[in-house]
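# Coordinates in review
Spelled out from the first residue to the last, the chains are:
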Amino acid sequence: AAAARVVAWPLAGIAAAWLAFAAARAADLPLRPAAYWVLLAAALALAGGWALRGRGIEGRLLSAVAHAVAAVALLLTAGDAAAAAGVAGLYGVALGLRALGGGTVRRGYTVAAVVAELLAYELVLVAGGVSVPEAYTAPAGAAAVAAGWVAARRHPRLGSWTAFGPGLLAGFGPSVALVLVTPGEPLRRLLVGAAGVAVVLAGARLRLKAPIAAGGGALVLLALHEIRVVWDHLPRWAPLAVAGALLVGFAVTYERRLRDLARLRAAMTRMR
């Protein structure tokens with residue numbers, strides 16, 4: 001009967017996970033190696049969910065059990081970033097294979113596979129003791145921007161801040177903050193500035209508001225930081241002379257600057 005199958009398939013997936021864990025522990029394996037046995041049960045349950053995809057709720061329930069079992073396998077590796085990276089990476093492969101199986105959930109499995117592999121990458125960095133923040137934030141920001149690009153192509157009315165804002169802020173925010181609070185860091189300042197210029201140019205080319213604002217904001221903050229760095233090395237009269245020259249130039253071209261600002265505001269308003 002359908003009701004019996006709806007109950008039986010999830011119970012079968014849970015029983016397989018318990019069997020895998022019990023077999024590993026009976027073989028005197030520690031918890032972290034046992035996690036891979038549990039992960040194998042999750043992969044089998046995921047394959048079973050794909051095989052039952054034509055039966056509606058039965059396949060969905062078995063797939064949900066597979067995800068829960070994979071989460072348990074990840075919890076079994078707590079305290080060992082390398083083992084956790086292995087579990088996340090292998091389950092990401094399983095999710096990617098499931099996405100290749102097609103169906104209405106293909107997009108969701110593709111996103112889940114990318115997230116799992118990104119998590120595995122971050123855990124590998126933790127296990128290796130990598131302390132450069134950009135090694136963590138840049139891939140996450142790039143993945144978020146890529147996801148926003150796909151979403152914007154599917155939904156043309158989607159605003160650029162919704163599509164690209166989170167990824168751009170994740171990519172620029174930590175690096176700019178480190179530049180502002182950490183002395184020195186010339187290479188980071190150079191790379192962040194180059195990335196800001198590239199993002200602004202790309203936003204202008206594609207007529208997107210978020211890249212121009214995010215990249216431009218990063219460049220403005222970097223410029224203010226450079227001015228502060230150079231300030232102490234200048235003669236005391238030099239900043240006053242430069243400020244006076246700027247004020248005179250602004251006063252002479254005041255009307256033209258107002259028109260430029262109005263055109264810029266209108267152009268930004270027309271962008272999405």
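This report concerns the structure included in the present document. (Residues numbered from 1 in each chain as written. Predicted model: local features only at pLDDT ≥ 70, side-chain atom pairs only at ≥ 80, totals over all residues. Heavy atoms only, no water.)

This brings us to the overall build of the chain. Regarding its fold elements, the chain presents 11 helices and 0 strands. Shown N-terminal to C-terminal, the secondary structure of the chain runs as helices and strands in the order α-α-α-α-α-α-α-α-α-α-α. When each of the 272 residues of the chain is scored for burial, the buried share is 31%. Contacts in the chain between residues far apart in sequence, at least 24 positions, make up 61% of those at least 6 positions apart. (Helix = DSSP H or I, 4+ residues; strand = E, 2+ residues; numbered from the N terminus. Buried < 20%, exposed > 50% of the residue type's maximum accessible area, 1.4 Å probe, protein only. Contact = heavy atoms within 4.5 Å.)

Phi is positive for Asp28, close to 60 degrees, though the residue is something other than glycine. Its location among the elements puts Asp28 in the loop between α1 (2–26) and α2 (31–51). Among the residues examined, Asp28 registers a relative accessible area of 68% and is labelled exposed. For Arg207, which is not glycine, the phi dihedral falls at a positive 60 degrees. Along the chain, Arg207 falls in the loop between α8 (186–206) and α9 (209–231).

In this section: the side chain of Ser175. Position of Ser175 relative to the elements: it lies in helix α7 (residues 160–181). Its relative accessible area of 3% is what places Ser175 among the buried residues. Every residue in contact with Ser175, bar those within four places of it in the chain, is listed here: Glu134, Arg188 and Val192.

Quick look at the side chain of Thr137 now. With respect to the secondary-structure elements, Thr137 resides in helix α6 (residues 134–154). Exposure remark for Thr137: the relative accessible area of 16% places this residue in the buried category. When neighbours within four sequence positions are excluded, Thr137 is seen to be in contact with Ala170, Gly171 and Pro174.

The subject of this paragraph is the nonpolar core. If you look at the biggest cluster of nonpolar residues, it comprises 25 residues, and the most contacted ones within it are Leu39, Leu46, Val69, Ala73, Tyr91 and Leu95. Every element with two or more residues in this core is listed here: α1, α2, α3 (57–76), α4 (81–100) and α5 (106–127). For Leu46, the contacting residues outside a window of four places in its chain are Ser63, Ala66, His67, Tyr91, Ala94, Leu95, Arg98 and Tyr109. Within the second largest apolar cluster, 14 residues are counted, among which are Phe164, Phe172, Ala210 and Ala218. (Core = buried A, V, L, I, M, F, W, Y, C linked by side-chain atoms within 4.5 Å.)

This structure, assessed with the given rule, holds 1 aromatic pair. Ring geometry for Trp18 versus Phe21: centroids 6.3 Å apart, planes at 80 degrees, classification edge-to-face. In this pair, Trp18 and Phe21 are both assigned in helix α1, 3 residues apart and thus about one turn of the helix distant. On the basis of relative accessibility, which here comes to 58%, the residue Trp18 falls in the exposed class. Accessibility expressed as a relative area gives 22% for Phe21, which makes it partly exposed. (Phe/Tyr/Trp six-rings, centres within 6.5 Å; stacked < 30°, edge-to-face > 60°.)

Moving on, we come to the packing of α1 against α2. At their nearest, the axes of α1 and α2 sit 8 Å apart, and the two run at 150 degrees to each other. Compared by their axis directions, α1 and α2 come out roughly antiparallel. Read as a crossing pair, α1 and α2 show a hand that is right-handed. Counted together, Ala16, Ala17, Ala20, Phe21, Ala24 and Arg25 of α1 and Leu31, Ala34, Trp37, Val38 and Ala41 of α2 form the full contact between these two elements. Tallied by class, residues from the contact of α1 with α2 come to 10 nonpolar, no polar and 1 charged. (Axes fitted to C-alpha atoms, helices over the stretch in contact; angles between N-to-C directions. Parallel < 35°, antiparallel > 145°, perpendicular 65-115°, else oblique. Left-handed = near helix turned anticlockwise from the far one by under 90°. Nonpolar A, V, L, I, M, F, W, Y, C, P; charged D, E, K, R; others polar.)

Between the first and last C-alpha of α2 there are 30 Å, a value that for 21 residues agrees with the 30 Å anticipated at 1.5 Å per step. Of the positions making up α2, those classed as buried are Ala34, Ala35, Val38, Leu39, Ala41, Ala42, Ala45, Leu46, Gly48 and Gly49. Packing partners of the buried residues in α2 comprise α1, α3, α4 and α5. (Expected span 1.5 Å × (residues − 1).)

None of the figures reported here should be taken as evidence of function without further support.
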